[in-house]
Amino acid sequence: MNFPEKIWHNGTIKPWAEATTHVMAHAIHYGSSVFEGIRAYETPQGTAIFRLTDHIKRLFQSAKIYDIDIPYTLDEINAACREVVRVNGLTKAYLRPVAFRGYGGIGIAADTPIDVAVAAMAFGRYLGEDGMENGIDACVSSWQRFAPNTLPAGAKAGGNYLSGQLVTREARRHGYGEGIALASTGLLSEGAGENLFLVFDGELHTTPASASILTGITRNSIIRLARDEGISVVERDIPREYLYLCDELMMCGTAAEITPLRSVDGKPVGTGKPGPVTKRIQQLFFGLFDGSTEDRYGWLE
């Protein structure tokens, strides 16, 4: 990956290589960080960051859960996101705001300074350009998501992604593009870093917050776009075997955007090709950026 020249770090734009932290920083040892992944797109009106404010609100919500007191306001982090895109001359980008417990104590509950950074970089399709067009092959992981009241799945925290690493690395060792995790109940949860939508008879079905998922902003966007289009959306518990029985299946997230799945555990999903509902959702979502879908919610900032 080619990294940009500049990064925003603790209130200042500085050269990328100078945004450093100590190897004894709390976050390195205990996973005490919260972050967001955000995309900026080229639009007819210029570069726009997709749902920037909603993402930064969630950053602060995640920080609240973990008692991480971010020393900047929401407006200051928003401004930092815009600034780091501008100074690097990017017309489209992936942004990574992160707040973490820095250097200052070794104990689990040590009070340390809170460091904050915002990076912006070029970043392509997370699950591949071909996957976006033709779908990917996935598998159900042997690793389950953490049970309720063990770790807060609703926080986008660095430590939570140890689970996702196990899921996706196992899947790729076995030749799959991505892994799918079950909840502690044995019912469907989500992908390694993506939410799931299954299509049955033209309806979208997705797992609820109680299934130990991060309720993604892309997920929320799809629900709202679909309902505006007259497509029914059902949030419910879903058994594993429904992955094999649905007509269409897609993963979504900021990095993955909207990626179809053509098979799960070697079993074809529907016809084995992206279906009409998936294609329509892709059209509605990406239409926000080429102007063919009305931005009625003011998501392009």
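Participant: How would you explain the overall build of the protein if you had to name every residue and give the values?
Facilitator: Helix and strand counts for the protein come out as 8 helices and 16 strands. Since a compact globule built from 301 residues should have a radius of gyration of about 19 Å, the 19 Å found for the protein is in line with a globular shape. The dimensions of the protein, computed from C-alpha atoms along their principal axes, are 55 × 45 × 30 Å. In the protein, of all internal contacts separated by at least 6 residues, the share reaching a separation of at least 24 is 69%. Here the protein displays about 13700 Å² of accessible surface, and carbon together with sulfur accounts for 51% of that area.

Participant: Give a detailed account of helix α5 (residues 161–173), specifying residues and quantitative values.
Facilitator: Given 3.6 residues per turn, any residue in an α-helix points the same way as the ones three and four places further on. Here α5 contains 13 residues, and its C-alpha end-to-end distance of 18 Å stays within 8% of the 18 Å for a straight helix at 1.5 Å per residue. On the buried face of α5, the contacting elements are β8 (136–140) and β9 (178–182). One or two positions beyond α5, positive phi appears at G175, with a value near 90 degrees.

Participant: Provide a residue-level description of the pattern of salt bridges, including the pertinent values.
Facilitator: Counted by the stated rule, this structure contains 11 salt bridges. A salt bridge links E36 to R58, with the nearest nitrogen and oxygen atoms 2.8 Å apart. Separated by 22 residues along the polypeptide, E36 in the loop between β3 (33–35) and β4 (38–43) and R58 in helix α2 (residues 52–65) bring together distant segments of the chain. Just as E36 is buried, R58 falls in that class too. With its nearest N and O atoms 3.7 Å apart, the salt bridge here joins E257 to R39.

Participant: Before we move on, could you go through the pairing of β8 and cite the residues and values that matter?
Facilitator: In terms of burial, β8 is a largely internal element, 4 of the 5 residues being buried. By the bridge criterion, 3 bridges tie β8 to strand β15 (residues 257–264) in an arrangement that is parallel. Bridging across to β15, A138 finds its partner in V264. Here 3 bridges tie β8 to β9, and the two strands are oriented parallel to one another. When the sheet's bridge partners are listed, A138 is paired in β9 with E178. A crossover connection joins β8 to the parallel β9 through α5; in handedness this β-α-β unit is right-handed.

The rules we used
Residues numbered from 1 in each chain as written. Predicted model: local features only at pLDDT ≥ 70, side-chain atom pairs only at ≥ 80, totals over all residues. Heavy atoms only, no water. Helix = DSSP H or I, 4+ residues; strand = E, 2+ residues; numbered from the N terminus. Rg over C-alpha atoms; globule rule 2.2 N^0.38 Å. Contact = heavy atoms within 4.5 Å. Areas by Shrake-Rupley, 256 points an atom, 1.4 Å probe, with all protein chains shown as cover. Expected span 1.5 Å × (residues − 1). Salt bridge = Lys/Arg side-chain N within 4 Å of Asp/Glu carboxyl O. Buried < 20%, exposed > 50% of the residue type's maximum accessible area, 1.4 Å probe, protein only. Pairing = 2+ DSSP bridges. Right-handed = clockwise from strand over helix to strand, strands pointing away.

The values reported here are purely geometric and, on their own, carry no functional implication.
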